[in-house]
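Overview (structure and organization)
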Amino acid sequence: MKRPIKMTIPDNTPPALPGSIDRPLNSRGRMGRLSFAAWSLLSTILVVVAVLVISLIFTSFPSESTAVQLISTLLLIACYVVFLFYSFIFMIRRLHDRNHSGWLSLLFIVPLINAILVLYLLFAKGDAGANRFGLPRGTPGWEKVLGWMYLVLLPILFIVGFSTSMFSSYREYTERATVFQPDTLPIQHSTHSTRLSS
């Protein structure tokens, strides 16, 4: 009897062990929830620091100089572009962790949908085993710390921002109300004086 021929299917999964840690600044591979939150927070901190440094450096130069204004503007645009670029990389890797195509990260440019997408990437659990994008990526200890910090700070910042917006709206309403009061008071006073004289 002839032995049955065994067919082997080539495996395109990267040769990595479960829990291994790769380079997170590459769009290939996967990224867990805490890693995504950690790198999002870290990139935000870095871009804020860069913007502050650029602002402090160029405020020491004469503001009338066109060249200084142009260079500072280009540097700020470059910071924003780099921040946006790596934000898309983190979103792509997080989508890979859910076995989704990285092209779905383009939903981030759609208003309202981008907020839903970020919440989904923050809280949706990734595949436990290997998927078409490889094996799960391990999360180092510092990423866990930064990730939890981001998850704690996010609702606090949302509440603070919402409260600030509501307070500014109420202040504008009260300022508008006080503007119209002086116009009506003299009319009422003059009418009352006319009645007394008659």
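Our structure's up above, just so we're on the same page.
Here goes a summary of the coordinates provided.

Criteria and thresholds
- Residues numbered from 1 in each chain as written.
- Predicted model: local features only at pLDDT ≥ 70, side-chain atom pairs only at ≥ 80, totals over all residues.
- Heavy atoms only, no water.
- Phe/Tyr/Trp six-rings, centres within 6.5 Å; stacked < 30°, edge-to-face > 60°.
- Helix = DSSP H or I, 4+ residues; strand = E, 2+ residues; numbered from the N terminus.
- Buried < 20%, exposed > 50% of the residue type's maximum accessible area, 1.4 Å probe, protein only.
- Arc of directions from axis to C-beta.

On inspection of all chains with the given rule, the structure shows four aromatic pairs. An angle of 40° between the planes, with centres 5.9 Å apart, marks the rings of W39 and F90 as tilted. Here W39, found in helix α1 (residues 33-58), pairs with F90, found in helix α2 (residues 66-97); they are 51 residues apart in sequence, far enough to count as distant. In terms of burial, W39 and F90 fall into one category: buried. Ring geometry for F88 versus F108: centroids 6.0 Å apart, planes at 85°, classification edge-to-face. Of this pair, F88 sits in helix α2 while F108 sits in the loop between α2 and α3 (113-123), and the two are 20 residues apart along the sequence. On the accessibility criterion, F88 (16% relative accessible area) is buried. Grouping aromatic residues by their ring pairs yields a cluster made of W39, F90 and W142.

A few words now on α3. Listed as buried for α3 are L117, L121 and L122. Viewed end-on, α3 has its buried residues packed into an arc of 130°, placing them on one side of the element. Turned more than 90 degrees off the buried face of α3, the exposed positions are I116 and F123.

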